[in-house]
Amino acid sequence: MSNYHIKHLEEYYQVYRKSVRNPEAFWEEIAEEHFVWRKRWNNVLSWDFKKPEVKWFDGAQLNITENCIDRHLPTRGDKTAILFEPNDPKEEAEHITYRQLHQRVCKMANVLLEKGIKKGDRVCIYLPMIPELAVSVLACARIGAIHSVVFAGFSSNALATRINDSDCKLVITSDGSYRGAKTIDLKGIVDKALEGCPGVETVLVAKRIHSNIDMMPQRDHWLQPLLDDAYGDNVAEIMNAEDPLFILYTSGSTGRPKGMVHTTAGYMVYTAYTFKNVFQYREEDVYWCTADIGWITGHSYIVYGPLANGATTVMFEGIPSYPDFGRFWEVVQKHKVTQFYTAPTAIRALAKENLDYVEKYDLSSLKVLGSVGEPINEEAWHWYNNNVGKKRSPIVDTWWQTETGGIMISPIPYVTPTTPTYATLPFIGIQPALMDENGQEIKGNQVDGRLCIKFPWPSMARTIWGDHERYRDTYFSAYKDMYFTGDGALRDAVGYYRITGRVDDVIIVSGHNLGTAPIEDSINEHPAVAESAIVGFPHDVKGNALYGYIILKETGESRDKNNLRKEINQQITEQIGPIAKLDKIQFVSGLPKTRSGKIMRRILRKIASGDTSNLGDTSTLLNPEIVQEIMDEAL
Ligand code: 7RM
């Protein structure tokens, strides 16, 4: 039996039991046998969920890039590490071998050092899905700088907030990006953001679309000439196990985005181990995750997890609909992709199109299909299973979060029998619990509750950058000695978990977490707006879409409503990004509020979803009469 690679259901249960009975011994063995360390740990785990403080492999020293790159050079130097598939199918794909990746990362690391970046400094990466993005991430890790990747779909405002929150000194970006038939002026967005970011000293600019952009003297530098001049080798910085590896921002239900901090050793061990098992990865495989590296899925399962296993990982710059809706399947055929990992929103969008787009291509290379980001509904599951997997490739519905760093609940393909809409069983080492509203654990099967995790796992986030108290309040205060996920779940008769969705004010739109508060803040800044409330409602492609109830100021009442709708969405686009735009905007004269002044979103959610048969208890409302008015005018 190999604890590292699980091949049968019985083995899963055995290894799971072992990992729960003696987590220290279990993870110590995994860490010892499958990674390279500069110094061994003194202590596998110490933890206290009250503080909260969690340390894995404390005392150990390592560099994650030696595990992801250097150690593969003797055996896999000529193997493709990153397979770059450009936006334009006519542009040739690029095969970057482990040896080439090593050189590119070393050069980039030396450029960063030369620009004065030291261990512990924060570097913001705002790049499209081009090789420089993965190389920049790894170069930061090489020198011990903390990377903060900001998804290149975020607006200048959102970018500035993130740069300032973690005091980034340097930004890596590009002259622009391709998105299907469009180009986006990334450098212009960066320039605008940096007007409000006094701490940024240097901007490195990769050339991608060859557009004519402004370069600010002293601050801005073209990247390529610096790389050309840089030395092609670099001695990796030796990091402590608990040194921060990266910050990645995620929306909260209130307030500013949270800079989740992930540390080095535990994150490496857990992402590598989950990658190996959840995708049943084998040496000759070509693995493709369609996420953007700007999200946690890209960090853990495009970059770190696959590379730690010496895998070939596809990096796709484009979108599923360009040049047509067959693009994903064309790429699968072309590169003989073996594992394909995407989001339900993409599956639903493709399922609406003609089946010819799928049937045209040879998908026989596929062995495993993955899903992540939101619950996968039954229809989408079957479409994926029938038309992409041809009922031969198991679907792994993987539940996890930015905060968890790695996959937490998921089938293991060819091991765990799957059931549509169920993420099935906890991964090795993960101890979930369902809790009731009084803080009691709900034991037994066929129950539902709030999903918590009882015991630390190696890749959990250690804090929120600059705000440990918020970390404790958000995740460790709802239930005693538990990590609270913010999700609801049910456990069926055989112990399978089904994630039912958020129980807080986070709305998942096309797999992206959006907090209601920042969107409402942005709307409320519009001069005609008095107050607003955002809720999600079911959408057949996005999963959820946003519905805004907006109270206008007197000055706004006389304005053209469609123009106002446009302006409000424009404002959201500028301040947060186009993903946060509202699908529906209803102007209302009031919002249903409790006596303590809280907006009763439950009611607004029901109205938005067209389900007004039972609005539940409205007796605690201050203004119950408003409900009928809102219902009468609902969109
Ligand atoms: C990996 C990622 C986290 C939230 C999470 C859930 C939802 C993610 C699934 C899912 C049902 C899934 N990180 N979620 N995966 N819900 N089934 N397989 O998405 O931080 O961006 O989002 O996403 O609500 O709490 S994330």
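Residues numbered from 1 in each chain as written. Predicted model: local features only at pLDDT ≥ 70, side-chain atom pairs only at ≥ 80, totals over all residues. Heavy atoms only, no water.

A. Spotlight on the pairing of strand 6 (residues 122-125). Neither face of strand 6 is exposed, since Arg 122 and Cys 124 on one face and Val 123 and Ile 125 on the opposite face are all buried. For strand 6 and strand 7 (residues 146-149), the ladder comprises four bridges, and the chain directions are parallel. Looking at the pairing, Arg 122 lines up with Ile 146 of strand 7. With three bridges joining them, strand 6 and strand 8 (residues 170-174) adopt parallel strand pairing. Counterpart to Val 123 in the pairing with strand 8 is Leu 170. (Buried < 20%, exposed > 50% of the residue type's maximum accessible area, 1.4 Å probe, protein only. Helix = DSSP H or I, 4+ residues; strand = E, 2+ residues; numbered from the N terminus. Pairing = 2+ DSSP bridges.)

B. Spotlight on unusual backbone geometry. Omega for the bond connecting Lys 51 with Pro 52 falls within 30 degrees of zero, at -20 degrees, which places this linkage in the cis form. Following the sequence through the fold, Pro 52 ends up in the loop between strand 1 (43-48) and strand 2 (53-58). A cis amide bond links Tyr 322 to the next residue, Pro 323, at an omega of -5 degrees. In this structure, Pro 323 sits in the loop between strand 17 (312-316) and helix 12 (327-335). Located in the positive-phi region is Lys 391, a residue other than glycine, with phi close to 60 degrees. Judged by its relative accessible area of 63%, Lys 391 falls in the exposed class. Although it is not a glycine, Asp 481 sits at a positive phi angle of roughly 60 degrees.

C. Structural context of the UniProt feature "domain: Acetyl-coenzyme A synthetase N-terminal" (unreviewed entry) in the protein chain. The sites that UniProt annotates as "domain: Acetyl-coenzyme A synthetase N-terminal" (unreviewed entry) are residues 12-68. The annotated region residues 12-68 carries 47% helix and 25% strand content, and the separation between its end C-alpha atoms amounts to 26 Å. (UniProt positions renumbered as here; feature names shortened; annotations may be inferred.)

D. Quick look at helix 10 (residues 265-278). The end-to-end C-alpha distance of helix 10 is 20 Å, a good match for the 20 Å that 14 residues give at a rise of 1.5 Å each. Taken across its 14 residues, helix 10 has 14 buried, putting it largely inside the fold. Two residues or fewer after helix 10 comes Gln 280, characterised by a positive phi angle close to 45 degrees. (Expected span 1.5 Å × (residues − 1).)

E. The arrangement of the sheet that holds strand 22 (residues 447-453) in detail. The strand order across the open sheet formed by four strands is 21-22-24-25, and the pairing between neighbours is antiparallel. Looking along the sheet, the strands with just one partner apiece sit at the ends: strand 21 (432-435) and strand 25 (497-502). Averaged over all pairs of adjacent strands, the angle between strand axes in this sheet comes to 45 degrees, irrespective of strand direction. Bridging between strand 21 and strand 22 involves four bridges; their strand directions are antiparallel. Bridged to Leu 434 within strand 22 is Leu 451. (Axes fitted to C-alpha atoms, helices over the stretch in contact; angles between N-to-C directions.)

F. Just the pattern of salt bridges, in detail. On inspection of all chains with the given rule, the structure shows 36 salt bridges. Glu 242 serves as the salt-bridge partner of Arg 462, at 2.9 Å between the closest nitrogen and oxygen. With Arg 462 in the loop between strand 22 and strand 23 (463-464) and Glu 242 in the loop between strand 13 (239-240) and strand 14 (244-250), the pair connects residues that are 220 residues apart, well separated along the chain. One salt bridge connects Asp 487 with Arg 502, and the closest N-O pair in it is separated by 3.8 Å. Remark: Arg 502 occurs in strand 25 and Asp 487 occurs in strand 24 (residues 483-491); sequence separation between them is 15 residues. Through salt bridges with shared partners, a single ionic network connects Glu 85, Arg 327, Glu 330 and Lys 334. (Salt bridge = Lys/Arg side-chain N within 4 Å of Asp/Glu carboxyl O.)

G. Spotlight on the nonpolar core. Counting 124 residues, the largest nonpolar core has Trp 37, Phe 57, Leu 101, Tyr 273, Phe 279 and Tyr 304 as the members making the most contacts within it. Residue contacts for Phe 57: discarding those within four places in its chain leaves Trp 27, Glu 28, Ala 31, Trp 37, Trp 41, Asn 43, Val 44, Ala 241, Ala 265, Gly 266 and Val 269. Within the second largest apolar cluster, 27 residues are counted, among which are Phe 316, Ala 346, Ala 380 and Trp 383. (Core = buried A, V, L, I, M, F, W, Y, C linked by side-chain atoms within 4.5 Å. Contact = heavy atoms within 4.5 Å.)

H. Main features of the packing of aromatic side chains. Using the criterion set out here, one finds 47 aromatic pairs in the structure. Look at Phe 151 and Phe 154: their rings are 6.1 Å apart centre to centre, the planes differ by 85 degrees, and that puts the pair in the edge-to-face class. Taken together, the aromatic side chains of Tyr 4, Phe 26, Trp 27, Trp 37, Trp 41, Trp 56, Phe 57, Tyr 270, Tyr 273 and Phe 427 make up a single cluster linked through ring pairs. One residue, Lys 207, lies across the ring of Trp 222, its end atom 4.6 Å from the ring centre. (Phe/Tyr/Trp six-rings, centres within 6.5 Å; stacked < 30°, edge-to-face > 60°. Lys NZ or Arg CZ within 6 Å of the ring centre and 35° of its normal.)

I. Representation of the site of the ligand in the model. Not every one of the 17 residues close to the ligand is listed here, only the nearest: Asp 397, Thr 398, Thr 402, Asp 487 and Arg 502. Note that a nitrogen atom of the ligand is positioned 3.1 Å from one of the backbone N or O atoms of Gly 373. A distance of 2.9 Å separates an oxygen atom of the ligand from a polar atom in the side chain of Gln 401. When isolated, the ligand has an accessible area of 530 Å², and the protein chains bury 95% of it. Of the residues assigned to the shell around the ligand, the class counts are seven nonpolar, six polar and four charged. (Near = heavy atom within 4 Å. Polar contact = N/O pair within 3.5 Å; in protein donor to acceptor, adjacent residues only side chain to side chain. Areas by Shrake-Rupley, 256 points an atom, 1.4 Å probe, with all protein chains shown as cover. Nonpolar A, V, L, I, M, F, W, Y, C, P; charged D, E, K, R; others polar.)

J. View of the environment of Gln 333. The residue Gln 333 is located in helix 12 in this model. A residue is classified by how much of its surface remains accessible, and Gln 333, at 33% relative accessible area, is partly exposed. C-alpha separation for the pair Gln 333 and Lys 360, spaced 27 residues apart in sequence, amounts to 9.9 Å. Residues within four places of Gln 333 in sequence aside, it is in contact with Lys 360, Tyr 361 and Asp 362. One polar contact links the side chain of Gln 333 to the main-chain amide nitrogen of Asp 362, over a distance of 2.8 Å.

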